[in-house]
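Examination of the molecular architecture
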Amino acid sequence: MSPAMAPQAFKSEFVRTLHARGFVHQITDAEALDRASAEGVVTGYIGFDATAPSLHVGSLVQIMMLRWLQKTGHRPIVLMGGGTTKVGDPTFRDTSRVMMEEAQIAANIASIRTVFGRLLAFDDGPTGAVMLDNDDWLSGYGYLEFLRTYGPHFTINRMLTFDSVRLRLEREQPLSFLEFNYMLMQAVDFLELNRRVDCRLQMGGSDQWGNIVNGVELVRRLQEQQAFGLTTPLITTAGGAKMGKTAAGAVWLNPDMLSPYDYWQFWRNTADADVGRFLRLFTELELDEIARLEALPGAEINQAKKVLANHATALVHGREAADTAAAAAESAFVRGEVSSDMPTVEVARDQLQTGVPLPVLANQIGLTGSSSEARRLLQGGGLRLNDVAQTDVNRLVTLADLGPEGALKLAVGKKKIMLVRPA
């Protein structure tokens, strides 16, 4: 890894931008990558396995790096892991991944593609984004061919030193031979992309450093060409939580798995200490404007959070969806109105006819992570029914609680709100 350099010391807009906005954790050779990026178009890639029908916000840092790569005059490759998903990345996992059928992997890839169409420009120009699938080459290898061609370039001794493997072994948790081959497959991906489209840069999260270095070395040995690896720091919230996970589950990027309204609310609920960092990573606002926003005093920081929510939502879901979500939030939390754009859940009319305990209903619709959490919120006055704080853990919710719009409104403080309609 190259010694640290100040952002202003870099000549290329690409490396300078990533450093200034907080994307960089490690670079295999920062000076050489900076020089290559300043002299011409660099093709770089990031791989995404298709383990679900959508990526979540934890992958957004990687996507934003591809976006900045293109915006600064270079060529991004989105590599879908149709082949590697069949094996499963063991990186920092306690257990093996569940084996997926090919049909499900293909369906997941088709669903994931939609997000990239909004964030990257796919065209035939020199910086036009490309989407490829590593199944196109990985599935074509015979076992003996793969071993003879690439096996001699990897040593078990070194592979055992990588954190993704070492930590599993130290915890005496099983690591299958199938998963052990993942890092070889990822290295071959880099080699194939170098040969096919002159790809010289692989980017990823810090947990991928060992895998990326393997690819850099394989390109050097077999292509006699310098390649580069760049990783981001692990993105966590100020509270230490891993980015992309909430009590209610993953923050998905596809609108059919998480509504633009809920996506907007996720960013609006950012902790004060995270606002500046998230504005740099997840928006394209100028750094001077971000510095002004993160310095807002007291309650004014909420304005910065709204800016973050508006810009982050517009990038993934479009400006119209972001404006609609912001208006719905304003309607719900400021004026106490009901909007059709707010998250809505249907429950059986019979259930409301009989009456359902408020903690049970809050958990049932996903407003809280459990009924016990809902009861704790009630005891502290943090759960509201139709804009009125509730404290009775035995409170029954019935059809009588429906408003003139035919719905009732449940909210956790001023952060999360849902409509409930009888079905």
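Refer to the structure presented above.
In this report, we go over the structure that sits alongside the text. Throughout, residues of each chain are indexed from 1 in the direction in which the sequence is written. Local features in a predicted model are, by the rule used here, given only for residues with pLDDT of at least 70; side-chain atom pairs are given and counted only at 80 or more, and totals for whole chains, interfaces and linings are based on all residues. Calculation of side-chain values draws on the structure's entire complement of heavy atoms; hydrogens and water are dropped beforehand.

1. Some points on the sheet that holds strand 3 (residues 75–81)
As summarised here, the arrangement of the 6 strands in space is 1-6-5-2-3-4, forming an open sheet in which the pairing is mixed. Taken across any chain shown, the strands that pair with only one partner, and hence form the sheet edges, are strand 1 (26–27) and strand 4 (130–133). The pairing criterion is simple: DSSP has to find at least two bridges between the two strands. Here a helix means four or more residues in a row that DSSP labels H or I, a strand means two or more in a row labelled E, and each is numbered from the N terminus. The pairing of strand 5 (residues 199–205) with strand 6 (residues 228–232) spans 5 bridges and is classified as parallel. Paired with leucine 201 across the two strands is phenylalanine 228, which belongs to strand 6. Each of strand 2 (43–49), strand 3, strand 4, strand 5 and strand 6 touches helix 10 (residues 182–197); the most contacted strand, strand 5, lies at about 145 degrees to it. Note on definitions: a residue-residue contact is assigned when non-hydrogen atoms from the two residues lie within 4.5 Å. Structural elements are reduced to axes, namely lines fitted to C-alpha atoms, with helices fitted over the stretch in contact, and the angle between N-to-C directions of any two is expressed from 0 to 180 degrees. This element, helix 11 (residues 209–223), spans strand 1, strand 5 and strand 6 of the sheet and lies at about 170 degrees to strand 6.

2. A short note on the pattern of salt bridges
Each salt bridge in this description consists of a side-chain nitrogen of Lys or Arg and a carboxyl oxygen of Asp or Glu lying within 4 Å of one another. Tallied over the entire structure, the rule returns 13 salt bridges. One salt bridge in this structure joins lysine 71 and glutamate 284, with 3.8 Å as the shortest N-O distance. Residue lysine 71 is located in helix 3 (residues 60–71), and its partner glutamate 284 is located in the loop between helix 13 (275–282) and helix 14 (287–294); the two are separated by 213 residues in the primary sequence. Relative accessible area serves as the criterion here: at 44%, lysine 71 is assigned to the partly exposed category. Accessible area is worked out with a 1.4 Å probe on protein chains only. A residue is then buried under 20% of its type maximum, exposed over 50%, and partly exposed in between. When its relative accessible area of 24% is taken as the criterion, glutamate 284 is described as partly exposed. Across the pair arginine 395 and aspartate 401 runs a salt bridge, and its minimum N-O distance is 3.0 Å. Classification of aspartate 401 as buried rests on a relative accessible area of 14%. A single salt-bridge network, built from bridges that share partners, covers Arg67, Lys71 and Glu284.

3. Some details on unusual backbone geometry
For glutamate 224, which is not a glycine, the phi torsion comes out positive at approximately 55 degrees. The backbone of asparagine 386 sits at a positive phi, close to 50 degrees, despite the residue not being glycine. In this structure, asparagine 386 sits in the loop between strand 11 (383–385) and strand 12 (388–390). A relative accessible area of 28% places asparagine 386 in the partly exposed class.

4. Structural notes on the pairing of strand 6
Counted residue by residue, strand 6 has 5 buried out of 5 residues, so it is predominantly covered. Alternating positions in strand 6 separate into two faces, Phe228, Leu230 and Thr232 on one and Gly229 and Thr231 on the other, with burial throughout. As a crossover connection, the stretch from strand 5 through helix 11 into strand 6 is right-handed. Seen with the strands pointing away from the viewer, any crossover whose path from the first strand over the helix to the second strand runs clockwise is right-handed.

5. Side note on a nonpolar patch on the surface
Patch membership needs two things, relative accessible area over 30% and no salt bridge, and members are linked within 9 Å if like-charged or within 5 Å if nonpolar (Val, Leu, Ile, Met, Phe, Trp, Tyr). Accessible surface is estimated by sampling points in the Shrake-Rupley manner with a 1.4 Å probe; for residues, cover comes only from the protein chains shown. A grouping of Tyr143, Leu144, Leu147 and Phe177 is seen on the molecular surface, where their side chains present a nonpolar patch of about 460 Å² in accessible area. No other element matches the 3 residues that helix 6 (residues 143–150) contributes to the nonpolar patch.

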